[in-house]
Structures are given as structure tokens and as C-alpha cells.
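Topology and contacts: notes
These are the residues of each chain, in order.
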Amino acid sequence: MSTEEVVKARSIADATVATLRSFEIPATPANYAIWYEYHAGLSPNLQKTIDVMISNDARFDETALQDLYSLFFSSAKEAQAVRHTSLLALDTLQEIVGLADGAGADAHQFGAALKGFASKDLGQSLDNLKGLIENLVVESKKMAGRSEYVGLRMRESADKIEALERNLESAIRDSTIDALTGVANRKSFETVIRKIAGDAMNSGDDLSLLMIDIDHFKRVNDTWGHQTGDTVLRHLAQTVQQAVRGGDHVARYGGEEFAVILPRTDARSAVNVAENIRKALAREPLQLDLNPPMTPITVSIGAACYEPGDPLADWVGRTDAALYHAKNEGRNRVELDRGWN
Amino acid sequence: MQKMRAETVWNSIEGGTSESVVSNVIPRLCLITDDSAPVRRIARKILTGLGFEVDEAEHGQVALDKCQVRMPNMILLDWNMPVMDGLEFLVALRHSEGGKVPTVIFCTTETDVEHIQKAIECGADDYLMKPFDRETLTATLAGVTPRA
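Each value, and the rule that gives it
Residue positions are given per chain, counting from 1 as you read along its sequence in written order. Lettering of chains starts at A and numbering of ligands starts at 1, both following the order in which they are written. Where totals are concerned, whole chains, interfaces and linings use all residues; where local detail is concerned, this predicted model gives features only for residues with pLDDT of at least 70, and gives and counts side-chain atom pairs only at 80 or more. Based on all heavy atoms of the structure, the side-chain values leave hydrogens and waters out of the count. Two rings from Phe, Tyr or Trp (for Trp, the six-membered ring) form a pair when their centres sit within 6.5 Å of each other. Planes less than 30 degrees apart are called stacked, planes more than 60 degrees apart edge-to-face, and all others tilted. Runs of H or I in DSSP of at least four residues are treated as helices and runs of E of at least two as strands, each being numbered from the N terminus. For the exposure calls, accessible area comes from a 1.4 Å probe over protein chains only, and a residue counts as buried if that area is under 20% of its type's maximum, exposed if over 50%, partly exposed in between. Expected span of a helix, by definition, is 1.5 Å for each gap between consecutive residues, and there is one gap fewer than residues. Directions pointing from the helix axis toward each C-beta atom define the arc. By definition, residues are in contact when any of their heavy atoms lie within 4.5 Å. In the sections that follow, a salt bridge refers to a side-chain nitrogen of Lys or Arg positioned within 4 Å of a carboxyl oxygen of Asp or Glu. Put simply, buried Ala, Val, Leu, Ile, Met, Phe, Trp, Tyr and Cys residues joined by side-chain atoms within 4.5 Å make one nonpolar core. By definition, two strands form a pair when at least two bridges between them are found by DSSP. What counts as an axis is a line fitted to C-alpha atoms, over the stretch in contact for a helix, and the angles between N-to-C directions run from 0 to 180 degrees. The term buried area denotes the loss of accessible surface (1.4 Å probe radius) that occurs when two parts are joined, taken as the sum for both partners.

Examining the packing of aromatic side chains
All names here are of chain A.
- Taken as a whole and judged by the stated rule, the model has 10 aromatic pairs over all chains.
- Taken together, a centroid distance of 5.1 Å and an interplanar angle of 65° make the contact between phenylalanine 23 and phenylalanine 60 edge-to-face. Here phenylalanine 60 lies in the loop between helix H3 (44-55) and helix H4 (62-73) and phenylalanine 23 lies in the loop between helix H1 (3-22) and helix H2 (29-40), a separation of 37 residues in the sequence.
- Ring plane angle 80° and centroid distance 5.1 Å describe the contact between tryptophan 35 and phenylalanine 60, whose orientation is recorded as edge-to-face. A residue pair is termed long-range when its members are at least 10 positions apart, and tryptophan 35 in helix H2 and phenylalanine 60 in the loop between H3 and H4 qualify at 25 residues. Like tryptophan 35, the residue phenylalanine 60 is buried in the burial classification.
- Grouping aromatic residues by their ring pairs yields a cluster made of Phe23, Trp35, Tyr38 and Phe60.

Describing helix H12 (residues 267-283) of chain A
Residues and elements named next belong to chain A.
- For H12, built from 17 residues, the straight-helix expectation of 24 Å at 1.5 Å per residue is met to within 8% by its first-to-last C-alpha distance of 24 Å.
- Those residues of H12 that sit buried are Ala270, Val273, Ala274, Ile277, Arg278, Ala280 and Leu281. Taken around the axis of H12, the buried residues stretch over an arc of 160°, which confines them to a single face. Set apart from the buried face of H12 by more than 90 degrees, the exposed residues are Arg268, Ala282 and Arg283.
- For H12, the elements touching its buried residues are strand S1 (207-214), helix H11 (226-243), strand S3 (257-263), strand S4 (299-305) and strand S5 (334-336).

Some thoughts on the pattern of salt bridges
Residues and elements named next belong to chain A.
- Summed over the entire model, instances satisfying the criterion amount to 21 salt bridges over all chains.
- Among the ionic pairs, arginine 10 bridges to aspartate 14, the shortest N-O distance being 3.7 Å. Pair noted here: arginine 10 and aspartate 14 are both in helix H1, with a separation of 4 residues, about one helical turn.
- The exposure class of arginine 10 is exposed, given its relative accessible area of 55%.
- The class of aspartate 14 is partly exposed, set by a relative accessible area of 43%.

Re the nonpolar core
- One finds Trp35 of chain A together with Phe89 and Phe106 of chain B to be the most contacted residues of the largest nonpolar core, which totals 46 residues.
- At 6 residues, H2 of chain A tops the list of elements feeding residues into this core.
- Once residues within four sequence positions are removed from consideration, phenylalanine 89 of chain B is found in contact with Gly60, Ala63, Leu64, Cys67, Ile75, Leu77 and Met84 of chain B.
- Judged by nonpolar contacts, the second largest core, of 28 residues, contains Leu233, Ala237, Val260 and Ile277 of chain A.

Thoughts on the side chain of serine 300 of chain A
- Counting through the fold element by element, serine 300 of chain A comes out in strand S4.
- Overall, serine 300 of chain A belongs to the buried group, its relative accessible area being 0%.

Looking at the sheet that holds strand S2 (residues 249-254) of chain A
Residues and elements named next belong to chain A.
- Reading across the sheet, the 5 strands line up as S2-S3-S1-S4-S5 and stay open at both edges, with mixed pairing between neighbours. Each having just a single partner strand, S2 and S5 make up the two edges of the open sheet. Going from strand to strand, the sheet's axes swing by 20° on average, the running direction of each strand aside.
- Direction of pairing for S1 relative to S3: antiparallel, over a ladder of 7 bridges. Paired with methionine 211 across the two strands is alanine 259, which belongs to S3.
- Against the sheet, H11 contacts S1, S2, S3 and S4, and its axis sits at roughly 155° relative to S1.

Some points on the environment of valine 334 of chain A
Residues and elements named next belong to chain A.
- Relative to the helices and strands, valine 334 resides in strand S5.
- Look at valine 334 and you get buried, because its relative accessible area is 13%.
- On a C-alpha basis, the gap between valine 334 and isoleucine 212 in space is 9.1 Å, while along the polypeptide they are 122 residues apart.
- Excluding residues that lie within four positions of it along the chain, valine 334 makes contacts with Val271, Ala274, Glu275, Arg278 and Ile301.

A few points about the environment of alanine 270 of chain A
All names here are of chain A.
- Tracing the backbone shows alanine 270 in helix H12.
- Put simply, alanine 270 and leucine 209 are 61 residues apart on the chain and 7.5 Å apart in space, counted from C-alpha to C-alpha.
- If we ignore the near neighbours within four places in the chain, the residues touching alanine 270 are Ser208, Leu210, Leu262 and Thr265.

With respect to the interface of chain B and chain A
- Contacts between the two partners involve 23 residues from chain B and, on the opposite side, 26 residues from chain A.
- When chain B packs against chain A, the two sides together hide about 2000 Å² of surface, and 66% of this comes from carbon and sulfur.
- Taken together, the connections running from chain B to chain A amount to 1 salt bridge.
- A salt bridge links aspartate 126 of chain B to lysine 48 of chain A; its shortest N-O distance comes to 3.8 Å.
- Among the secondary structure elements, those contributing two or more residues to the side of chain B that touches chain A are helix H2 (37-49), helix H5 (113-121), strand S5 (126-129) and helix H6 (134-143) of chain B.
- When residues of the side of chain B that touches chain A are assigned to their parent elements, the largest contribution, 6 residues, is made by H5 of chain B.

Below, the structure is given as C-alpha cells:
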């Protein structure tokens, strides 16, 4: 491998790591392979597919990443297998370099093996590559044997912990539920609103959105503490969930703000649903034994209808503007979008 | 800015130099192929605003017939349609005479990797997820290089 090629491979690896980080993609070997190939520009179709996902703001969740891998990397063709293996080789190489750094001394011999590896062309046949990697593994094991036993065990444990952490990270990353209230989280809301709006655009059906905000929520937190605040949030989430129909979609949008997507619902019906929520909250207030006693919780609600052909952000903005108007008009009320935004 | 760029890219091809007067610029024909009337109406409005001449087809077979009469410069293509779906149409188009000329942009509610990959493999130039709007459609047009 010439110096130039090493530099190039290095910059591709750097770009790969940076992309994994910016999209919050777990750094598994498969994901590393996908993005290494993307940055190396080895497969135009993979590149185009990923570019389409990026330009459409699509999410690289576990399903998407698995599909990318199985579509572009599972072919049995030898050429692809060689490429794949060289990617894994680079992975191994990086890991071993990390190990060498950790072990500190006695890396001399190991360095020689690395040099041998680097001087060979990664694009060579599969068998040659296998030999090179095997050699590397043997050398790395020798070195590991010389370092302290404790250090080695620590390294093993660290690997296991890292794997566990990765699983946990993926689970958290791909979660669609708000842990506190049990309704959909913001991320899930973003995905669902696009899907539902796409269907509404096709069908021409009405589609409405509600934004619900708890009045004087800061006062609740300041007076009775955050635990009480959390109880209030859970109670509101339940009340909203019970006041809407099965096909409606409730999400925690942020702090004390909730969103409800209402398919096949026009402006008048959306206001009715919003009023039902507001009244249900008044009818069944949260019963808490607090000192000082809590004043009844109320909400302000903004409503707006989707206009196909307008950006989704505009629609959310119009709903938010209606909510803002409800707040300004004295709270504990519903306002329909009347083009303030 | 995106609108400017889309107009520049799509109007500068056959019209020749930038000095050409409007009457010398041959309008770029876009064939909207979608079984949804609301989608065709919205797309027509946006594309007309960008200076396109617009025609419509409600499924792949109608689009194929229209392409044989006059090959469009661009096709906005839905996936799920009766009679002939978008992918069948795309494959038939690319194998037909002059069928490599139009720029084809899939425009669909299908958002998974498999659909995107299939579309690209079969000769789509780009892929726009519904719901689209003036901004996203214009940005997509600005991002593709006209084939002819």
C-alpha cells in the first residue's frame, strides 16, 4: 500500500467514524462496513440509496441499517467478499492498533507485523487476505500474552461491557415511547406525522393537529416539586389518550407540550376533540394530597389543518401559533389556526 | 435559492445561451404519473410555477402510451397504482425506444430501503418521499442532472 493509499484509507475511515457519530449509528462492524463503502464510493447504488435517505430526512434505524447491509453486502460474489473482508481487516487493524497502544511496551515485533500487513494490497484475493489477517492475529496474541494477565482480563471485560452498552444504546436510540408518560416520543411523532400526512396527500382526506400545553407548569414544579410535575404529565397523557379515537396519535412533543395527530378530521371536529380533552381534565382532576393544595390543572390547545403541498413544518408552526394565541387569550381554552403565523 | 437553481438547471439545456429570450426556450415537459388526483393537482401547481409544461397520467399504462406519443423530459412517478405500477412502468420505459431520455423521480409514500434500492437499480434518477411540498420537490429537481 502506497503512502497515498494509506492516507486515503485513513480519510475514508475518519469520515466513516464521523458519519456514524453524527447519525448516532451504533459502530457495529456491519454499520461500519456500510458507511465505509459509502465514503469509499465503491458502490454507486449504495451511495445513491443512502443519499436518497439523507435528502428525505429518513431515519437510519435498526431496520434501515439491516436492510442496507443485507441488500448490498450479502451477495456471495467473490469480489464483494474480498471487499467485505478488507473492510473487516481494517476494523481488526484499528482494534489491534488500539490494543498495542494500551499495552504500551513490547510492541516492536508487533509493529513489524503491522508493517507487513500495510505493505500488501487490500484488494488482493481473499486467500491472501486471510493469511495476512491470521498472521496479525497470531502476533497480537503473542503480544497480549506478554502483557499483564490483569490487563488482558480488563480488556475482555471492557469488550463485553462495550457490547452491552451498544445494545442498550440501540434500544434507546430506536425507542418510540416516552419513558415518563408512556405515549409516543418526539422522534416517533416526526416519523408518524410524515406517514399520515403522506397518506392524506394521496387520499385528499382532512388531517388535523393539536398542540396541548399545560398552563403554568413551571409553577407546579416550583411549588410541589418535579415528582409532582411528573405525576401531572402522566395524568394529562392518560386523559388525552382516553379522550381521542383509536386512529388518533398522541405524542409527548417536548417538556409539558403534547401533540395529537387526527386523521380524517376537519377543523370543526378537531376543535371538538380539543374541547373534549380540556373538559375531561376539568371533570376528572388529579387527586393529590398536597400542601399547599394544588389548584386544578388546565391546558391551552392550538389546532390547525394540514394543507397538502405546504411544508409539514409550516403546519406544525401554525398549530403552535394557535396554541400561543390560546395562551395569550387567557389560557384554559382552545384556539383554531386563523393564519396568525 | 433552490427554486432559482432548479429553474436554471432545467431551463438552460435546450434553450441554448443565457441570453435566449423566453419564446426561444422550449418548455420542459413533465409527466406526472400518479393515481391520486390531489397529488397530481399539487404537483402540477408547483411544476407549472417552476416553468414546466405539465401532463398527467393516472397509472403506468397511460404514462407509457403518452411517452410513445411524446417523450417527456421528466417523469414524477408514484409507486402504487392500478393497472401498471410505477416500477413496472419504469422497467418498460427504460427498455423502450428513447426511454432513457426522461429523468425519472419516484414520488411515493414507500420509505423503506428496499423500495429505494429497487427504484435506483431499475433506473430511477431520484426518489422523493410523500408528502412533498414546493420546497422538497424544488430541492429534488435542483439535485438531479437532466439526462437530455
